[in-house]
Amino acid sequence: MRATRALIHLQNLRHNIDAVRGKIGPSCRICLPVKANAYGHGAVDIARAAVDHGVEYLAVATVSEGAQLRDAGIDKPVLLLNQALPEELDGLVSNRLIPVAADRDYIAALSAAAARVDQDLALHLKVDTGMGRIGCAPEAALELARLIDQDPRLRFSGLCTHFPSADSLDPEDREFTRKQVGLITKLADTLRAEGISPGLVHAANSGGVVTSPESLLDMVRPGIALYGYEPVPEAPLGVRPVMELVTRIVFIKKVRAGQPVSYGRTWTAPHDTEIATLPVGYGDGYNRLLSGRGEVLVNGRRYPVVGRVCMDMCMIDLGPGSGIGLHDQAVLFGPDPAGWSAADIAARIGTIPYEVTCWISQRVPREVLP
Ligand SMILES: *Cc1c(COP(=O)(O)O)cnc(C)c1O
């Protein structure tokens, strides 16, 4: 087993599902996005554990991500959040993915693929109420809904939208989200009045779950909160990080004052000290921007990353007489509040925790803990 591993704490995933459940009540469904390998955590293991703990829906970004879940025997509804290419549509249908559609051409192509595969296809209509990414204009929704509703191969099973700024408590952002919710609920009412059942109406991401009780509707799609990072730190849900990136010290040496460490000699020891080398680097997804800025937890204490992070290694300054030994465990980020979380790393280098866990590369084995 490699020293560097990503421990996946399923206990924390279950805790986070319970925390979200407590916020949304018993009648609202949860759709867990497991796109990008479940934000780096391992899609199949996360999906299985979440489904076993009552999560009703899953979401992916690509057809191959959906196929991976089906190949693993997961049979829950799976939303496909991105638009698929024409050559991917037969696979989309045969894997029973639920696409989100927002224009006539895509709807027609989906219908044709369903006919080719000889299988009916459930789909959701995606409306752009302010995200500006994918979705039809609210004015176009009724006509597209009719098109789907009248197609013998297609089943209109949901109406959805997405929030760009629901993770903010700023009054202007909250008003923007409120308007989006107003648009989607009004559309659902219009469809019902026209005799079209909108199916599941859903909008909220993690931010919406926290800041916008009116946005919960029939289903929520929280990703980052279920992976254990507060979407709105000022209004915590009490979630716990699921991923813990650990390694072990593979080399310790005494360094004299003035001796340089790592590429570019950006750091030289200010006094005699001990330097430990960790077998983890940016090739594992421990970002090079953490050079001289990261902190690593060893035996209950934090030690600074000194010098540049290399592809396969980085160095920490233990100071003189730390008592830390060869092969001791080091934690790069995780749920232990004594050390850093992925959110702390993100804050330090100017990004978001989503990216920090997504970075953890294929080379790092995921070790799933019950
Ligand atoms: C990724 C994604 C989500 C989840 O967002 P979080 O901020 O992680 O809660 C929800 N909906 C859509 C459409 C997404 O692409």
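Per chain, residue numbering runs from 1 following the sequence as it is written. Local features in this predicted model are restricted to residues of pLDDT 70 or higher, and side-chain atom pairs are both shown and tallied only at a pLDDT of 80 or more, whereas totals for entire chains, interfaces and linings draw on every residue. Side-chain numbers come from the whole structure's heavy atoms, not from hydrogens or water.

Asks: Teacher, can you tell me more about the pairing of strand E17 (residues 314-317) here?
Replies: For a regular strand, side-chain orientation follows a simple rule: the groups alternate between the two sheet faces. Three labels apply to residues, based on accessible area from a 1.4 Å probe with only protein chains included: buried if under 20% of the type maximum, exposed if over 50%, partly exposed otherwise in between. Each helix is a run of DSSP H or I of at least 4 residues and each strand a run of E of at least 2, with the numbering of both proceeding from the N terminus. Every second residue of E17 is oriented toward a common face, with Cys314 and Ile316 on one face and Met315 and Asp317 on the other, all of them buried. DSSP-based pairing: two strands are paired if at least 2 bridges between them are found. Summarising the sheet, strand E14 (residues 273-278) and E17 pair through four bridges and their orientation is antiparallel. Opposite isoleucine 275, over in E17, you have aspartate 317 as the bridge partner. Here strand E16 (residues 301-306) pairs with E17 via two bridges, running antiparallel.

Asks: Is there a simple way to explain the pattern of salt bridges in this structure?
Replies: It is possible for side chains bearing opposite charge to pair when their charged atoms get close. Any Lys or Arg side-chain nitrogen located within 4 Å of an Asp or Glu carboxyl oxygen qualifies as a salt bridge. Counting across every chain of the model gives 15 salt bridges. With its nearest N and O atoms 2.7 Å apart, the salt bridge here joins arginine 116 to aspartate 90. Note that arginine 116 is positioned in helix H6 (residues 104-117) and aspartate 90 in helix H5 (residues 89-94), a separation of 26 residues in sequence. What makes aspartate 90 partly exposed here is its relative accessible area of 32%. The closest approach of N and O atoms between arginine 153 and aspartate 118, which form a salt bridge, is 2.8 Å. With arginine 153 in the loop between helix H7 (141-150) and strand E7 (154-160) and aspartate 118 in the loop between H6 and strand E6 (121-126), this residue pair connects regions lying 35 residues apart in the sequence. For arginine 153, a relative accessible area of 23% gives the class partly exposed. Here the salt bridges do not stand alone but share partners, grouping Arg2, Asp284, Asp312 and Arg363 into one network.

Asks: Whenever I open this one, the packing of aromatic side chains confuses me. Can you help?
Replies: How two aromatic rings sit relative to each other is set out by the distance from centre to centre and by the angle between their planes. For Phe, Tyr and Trp, where Trp contributes only its six-membered ring, two rings pair if their centres lie within 6.5 Å, and the inter-plane angle classes them as stacked under 30 degrees, edge-to-face over 60, or tilted in between. By the definition in use, this model includes two aromatic pairs. Ring geometry for tyrosine 39 versus tyrosine 354: centroids 5.8 Å apart, planes at 25°, classification stacked. Pair noted here: tyrosine 39 is in helix H2 (residues 35-39) and tyrosine 354 is in helix H11 (residues 353-359), with a separation of 315 residues, a long-range link. Residue tyrosine 354 is classed as partly exposed on the basis of its relative accessible area of 32%. These aromatic residues form a ring-pair network of at least three members: Tyr39, Tyr227 and Tyr354.

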